[in-house]
Amino acid sequence: MDVKIGMDMRLWGDATGVEQLPVLEMLAAQGYQGVEIPVCGQGRSALKLLSVALDGLGLAVTTSARLPAHANPLSPDEATRRAAVDYLCARVDESATLGSQLLSGGLFQAQGVFSGKPPSDREWEWSRSCLREVADYAAKMGVSLGLEFQSRFDAYLINTAAEAARMCRDVGHLNIGVLYNTFHAHLEEFNPARALPAAGEQLLHVCLSESHRGELGRGQVQWRETFATLDFLNYSGWLMVQALAIAKDPPGTQNTWRNNFDSREQLAADAIQLIQQILRSQRQ
């Protein structure tokens, strides 16, 4: 299994910039090959500076985004659906400026916005239409889209790997695929051996996140089963460590109310050690 190991920078907050250069230097020294940066309107100049810093450290970059309520592909209001397309295209622009070839997240609906009813065929079509237009634009910018299926507490349109894969097929573009996040999968899937193959050829990106969003290996995620299935599928791509912390200005975007780790630095060091240990055992 030929993979690259990265770190989601949201552990240090939603606004990643050159002021976090010491963190980036630490991650590079620990052996991480890349980072995932949330894009949310940082500005072209700030992103260019960050891109130069990442290049200097030899760190590759992917990007992530979440849709706000005022830009929801599932809204009955046409202007709100149009805003979703414009919002995601702006995030594609920021990704390209940063040097990212992959923008991922729950790009199919506004996070935490619910209708109070199960998803409808009409909402599916609205989301598909939005994603198709954004994928068209992203292809011209050299950016792929990773659809992160999410738990029922974050979204209601796409909750499983199979549903995400179906949306990718319906969109019908080569630059869109499935993001498999172990946190959401732990809540919504039966087990990795069934969920990961359901993503099929659409599997594009993997986020490694513990059941409590804290230190890997100290929760309920089936790590060895997950890695064994990825190996069986001959997955080659990013393994992006994802953990979350209490926001500096609560409530933040992820509703994290306690830190399930001793320190961010120790979490990062222990995570890459765990991943490398499992990968070594697979090769023996």
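Residues numbered from 1 in each chain as written. Predicted model: local features only at pLDDT ≥ 70, side-chain atom pairs only at ≥ 80, totals over all residues. Heavy atoms only, no water.

1. Focus on the overall build of the chain
When helices and strands are counted, the chain shows nine helices and eight strands. Relative to a compact globule of 284 residues, whose C-alpha radius of gyration would be 19 Å, the chain shows 18 Å and is just as compact. Every one of the 284 residues in the chain was classed for burial, and the buried ones make up 53%. The long-range share in the chain, meaning contacts at least 24 apart out of those at least 6 apart in sequence, stands at 79%. (Helix = DSSP H or I, 4+ residues; strand = E, 2+ residues; numbered from the N terminus. Rg over C-alpha atoms; globule rule 2.2 N^0.38 Å. Buried < 20%, exposed > 50% of the residue type's maximum accessible area, 1.4 Å probe, protein only. Contact = heavy atoms within 4.5 Å.)

2. Here we look at helix 7 (residues 192-199)
Residues separated by three or four positions in an α-helix point in the same direction, a consequence of the helix having 3.6 residues per turn. Along helix 7, the residues that are buried comprise Pro192, Ala195, Leu196 and Ala199. Viewed along the axis of helix 7, the buried residues span an arc of 90 degrees, placing them on a single side of the element. At its buried positions, helix 7 is contacted by helix 5 (161-171), strand 6 (176-181), strand 7 (203-208) and helix 8 (223-232). With a side-chain oxygen lying 3.2 Å from the backbone nitrogen of alanine 193, the N-terminal cap of helix 7 falls on asparagine 191. Phi for glycine 200, located one or two positions after helix 7, is positive at around 60 degrees. (Arc of directions from axis to C-beta. Polar contact = N/O pair within 3.5 Å; in protein donor to acceptor, adjacent residues only side chain to side chain.)

3. Notes on the sheet that holds strand 4 (residues 102-105)
Strand order in the closed barrel formed by eight strands is 1-2-3-4-5-6-7-8, with parallel pairing between adjacent strands. Between one strand axis and the next, the sheet turns through 30 degrees on average, direction left out of account. Where strand 4 and strand 5 (residues 144-148) come together, four bridges link them in parallel fashion. Across the sheet, residue glycine 105 finds its bridge partner in strand 5, namely leucine 147. Seen against the sheet, helix 5 touches strand 5 and strand 6 and runs at an angle of roughly 170 degrees to strand 6. Its contacts with the sheet place helix 7 against strand 6 and strand 7, and it is angled at close to 165 degrees to strand 6. (Pairing = 2+ DSSP bridges. Axes fitted to C-alpha atoms, helices over the stretch in contact; angles between N-to-C directions.)

4. Brief notes about the packing of aromatic side chains
We describe a pair of aromatic rings using the distance from one ring centre to the other and the angle between the two ring planes. Tallying each qualifying case throughout the model produces two aromatic pairs. A centroid spacing of 6.1 Å and a plane angle of 40 degrees characterise the contact between phenylalanine 114 and tyrosine 156, whose relative ring orientation is tilted. Taken as a pair, phenylalanine 114 in the loop between strand 4 and helix 4 (121-140) and tyrosine 156 in the loop between strand 5 and helix 5 lie far apart in primary sequence, 42 residues in all. Overall, the relative accessible area of 41% leaves phenylalanine 114 in the partly exposed class. The interplanar angle of 65 degrees and the centroid separation of 5.7 Å between the aromatic rings of phenylalanine 149 and tyrosine 180 together place this pair among those described as edge-to-face. In this pair, phenylalanine 149 sits in the loop between strand 5 and helix 5 while tyrosine 180 sits in strand 6, placing the two residues 31 residues apart along the sequence. Take phenylalanine 149: its relative accessible area is 0%, and that puts it in the buried class. The ring of phenylalanine 183 carries the charged tip of arginine 213 above its face, separated from the ring centre by 3.9 Å. (Phe/Tyr/Trp six-rings, centres within 6.5 Å; stacked < 30°, edge-to-face > 60°. Lys NZ or Arg CZ within 6 Å of the ring centre and 35° of its normal.)

5. Re the pattern of salt bridges
For the structure on display, the rule yields nine salt bridges. For glutamate 133, the salt bridge goes to arginine 82, with nearest N and O atoms at 2.8 Å. Taken together, the residues glutamate 133 in helix 4 and arginine 82 in helix 3 (residues 78-98) connect sequence positions 51 residues apart. The exposure class assigned to glutamate 133 is partly exposed, which follows from its relative accessible area of 34%. Close ionic contact of arginine 91 with glutamate 94 constitutes a salt bridge, the shortest N to O distance being 2.7 Å. A residue pair is termed a helical-turn pair when its members lie 3 or 4 positions apart in one helix, as arginine 91 and glutamate 94 do in helix 3 at three residues. (Salt bridge = Lys/Arg side-chain N within 4 Å of Asp/Glu carboxyl O.)

6. Observations concerning the nonpolar core
Among the nonpolar cores identified, the biggest contains 83 residues, and Leu27, Tyr32, Leu145 and Leu239 are the most heavily contacted of them. If you tally residues by element for this core, the top one is helix 9 (residues 264-283), at eight residues. (Core = buried A, V, L, I, M, F, W, Y, C linked by side-chain atoms within 4.5 Å.)

7. Notes on helix 4
With 20 residues, helix 4 should cover 28 Å at 1.5 Å per step; its first-to-last C-alpha distance of 29 Å lies within 8% of that length. Residues of helix 4 that are buried include every one of Glu123, Trp124, Trp126, Ser127, Arg128, Cys130, Leu131, Val134, Ala135 and Ala138, and no others. Those residues of helix 4 that are buried lie in contact with helix 3, strand 5, helix 5 and strand 6. Looking one or two places after helix 4, you find glycine 142, whose phi comes out positive at around 75 degrees. (Expected span 1.5 Å × (residues − 1).)

8. A closer look at the packing of helix 3 against helix 4
For the pair helix 3 and helix 4, the least separation of the axes is 10 Å and the interaxial angle reads 30 degrees. Considering their axes alone, helix 3 and helix 4 lie roughly parallel with respect to each other. Helix-helix and strand crossings are classified by hand; for helix 3 and helix 4 the assignment is right-handed. Taking contact as the criterion, the partners of Arg81, Arg82, Ala84, Val85, Leu88, Cys89, Val92 and Asp93 in helix 3 are, on helix 4, Trp126, Cys130, Glu133, Val134, Tyr137 and Ala138. Its residues assigned to classes, the contact of helix 3 with helix 4 shows ten nonpolar, no polar and four charged. (Parallel < 35°, antiparallel > 145°, perpendicular 65-115°, else oblique. Left-handed = near helix turned anticlockwise from the far one by under 90°. Nonpolar A, V, L, I, M, F, W, Y, C, P; charged D, E, K, R; others polar.)

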